Amino acid sequence: MDWLTFISNVSAALAWPLAIFLVAWMFRRPITDRLRNLQNLKGAGFEASFEAASEDVKKSLTKLAADRRLDGLPIGDDEKNAVQRVLSAWVKIEEQVERLAKRLPGEVSLKNDGLGTVLEQLVDAKIIGVQARNSVMGLSQMRNLAVHAPSTRVAEGDVQEFLALANAILYVLSQSEE
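Okay, so let's go over this structure. No experiment lies behind these values; they were computed from the predicted model shown.

Reading guide: rules and limits
Residues numbered from 1 in each chain as written. Predicted model: local features only at pLDDT ≥ 70, side-chain atom pairs only at ≥ 80, totals over all residues. Heavy atoms only, no water. Core = buried A, V, L, I, M, F, W, Y, C linked by side-chain atoms within 4.5 Å. Buried < 20%, exposed > 50% of the residue type's maximum accessible area, 1.4 Å probe, protein only. Helix = DSSP H or I, 4+ residues; strand = E, 2+ residues; numbered from the N terminus. Contact = heavy atoms within 4.5 Å. Phe/Tyr/Trp six-rings, centres within 6.5 Å; stacked < 30°, edge-to-face > 60°. Lys NZ or Arg CZ within 6 Å of the ring centre and 35° of its normal. Patch = residues over 30% accessible without salt bridge, like charges linked within 9 Å, V, L, I, M, F, W, Y side chains within 5 Å. Areas by Shrake-Rupley, 256 points an atom, 1.4 Å probe, with all protein chains shown as cover. Salt bridge = Lys/Arg side-chain N within 4 Å of Asp/Glu carboxyl O. Axes fitted to C-alpha atoms, helices over the stretch in contact; angles between N-to-C directions. Parallel < 35°, antiparallel > 145°, perpendicular 65-115°, else oblique. Left-handed = near helix turned anticlockwise from the far one by under 90°. Nonpolar A, V, L, I, M, F, W, Y, C, P; charged D, E, K, R; others polar.

Some remarks on the nonpolar core
And then number 1: In terms of nonpolar packing, the biggest core is built from 30 residues, with Ile93, Val97, Leu122, Ile128, Val136, Phe162 and Leu173 touching the most fellow members.
And then number 2: Contributions of two or more residues to this core are made by helix H4 (82-101), helix H6 (115-124), helix H7 (130-147) and helix H8 (156-177).
And then number 3: Tallying contributions element by element places H4 first for this core, with eight residues.
And then number 4: Setting aside its immediate chain neighbours within four residues, phenylalanine 162 contacts Val86, Ala89, Trp90, Leu139, Met142 and Arg143.

So this is what it looks like as structure tokens:
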């Protein structure tokens, strides 16, 4: 076999895999967007449902939050509007972070140093874990979306989800206090 035949055979063998790779690479963003929204997956001899698992997690967090109410954090419907309920829950989280920050050396506070810096220092001091920091920062993003959303109406289900997560985070932060 000469070199020309060898290169021809290798090119023919790699043409389809290379073409599939290039198409997948060109459409990587739409493909990843579709995968993020994937709810069911069926294949050769297996089936997976991600929607049911997501609902189970939400139910577990809601139950945990209901079982572990801290400082009277509202969970059910009440007279306050949605944004006020989100903000009142967030204030309780900030208060808890401030209490933990008092354990740090020096004058550390949310007002002077900012949430990210204080949380990072709490992680460095091993007062809270990285996942607790990430959870608080994620909830901060959710709070910002609720408070600064273009529409003034936040769905009740979203508020309930936020409150359940806030309660779970408050529980984790309160365990760090001990």
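Anyway, onward from the coordinates.
With respect to the packing of aromatic side chains
And then number 1: Enumeration over the complete set of coordinates arrives at one aromatic pair.
And then number 2: When the centroid spacing of 5.9 Å and the interplanar angle of 90° are considered together, the rings of tryptophan 3 and phenylalanine 6 count as edge-to-face. With tryptophan 3 and phenylalanine 6 both in helix H1 (residues 3-26) and three residues apart, this pair spans about one turn of that helix.
And then number 3: Residue classification places tryptophan 3 among the exposed positions, given a relative accessible area of 68%.
And then number 4: Taking the relative accessible area as the measure of exposure, phenylalanine 6 reaches 40% and is therefore partly exposed.
And then number 5: A cation sits over an aromatic face here: arginine 28 above tryptophan 25, 4.8 Å from the ring centre.

Comments concerning unusual backbone geometry
And then number 1: With phi around 60°, lysine 126 is a residue other than glycine that occupies positive phi space.
And then number 2: Relative to the helices and strands, lysine 126 is located in the loop between H6 and H7.
And then number 3: A residue is classified by how much of its surface remains accessible, and lysine 126, at 72% relative accessible area, is exposed.

As for a nonpolar patch on the surface
And then number 1: Together, Leu18, Phe21, Leu22, Val23, Trp25, Met26, Phe27 and Ile31 make up an exposed nonpolar region whose accessible area comes to about 830 Å².
And then number 2: The leading source of residues in the nonpolar patch is H1, at six residues.
And then number 3: Tracing the chain through its elements places isoleucine 31 in helix H2 (residues 28-36).
And then number 4: A relative accessible area of 38% means that isoleucine 31 is categorised as partly exposed.

A word on the environment of isoleucine 127
And then number 1: Structurally, isoleucine 127 is set in the loop between H6 and H7.
And then number 2: Sequence separation of isoleucine 127 and leucine 100 is 27 residues, and the distance between their C-alpha atoms is 7.6 Å.
And then number 3: The residues contacting isoleucine 127, other than those within four sequence positions of it, are Leu100, Arg103, Leu104, Leu122 and Ser176.

What to know about the packing of H4 against H7
And then number 1: With their axes 10 Å apart at the nearest point, H4 and H7 run at an angle of 155° to one another. Taken together, the axis directions place H4 and H7 in an arrangement best described as roughly antiparallel. Of the two elements, H4 crosses H7, and the hand of that crossing is left-handed. Of H7, the residues touching H4 (which contributes Val83, Val86, Leu87, Trp90 and Ile93) are Val136, Leu139, Ser140, Arg143, Ala146 and Val147.
And then number 2: Per-class residue counts for the contact of H4 with H7 are nine nonpolar, one polar and one charged.

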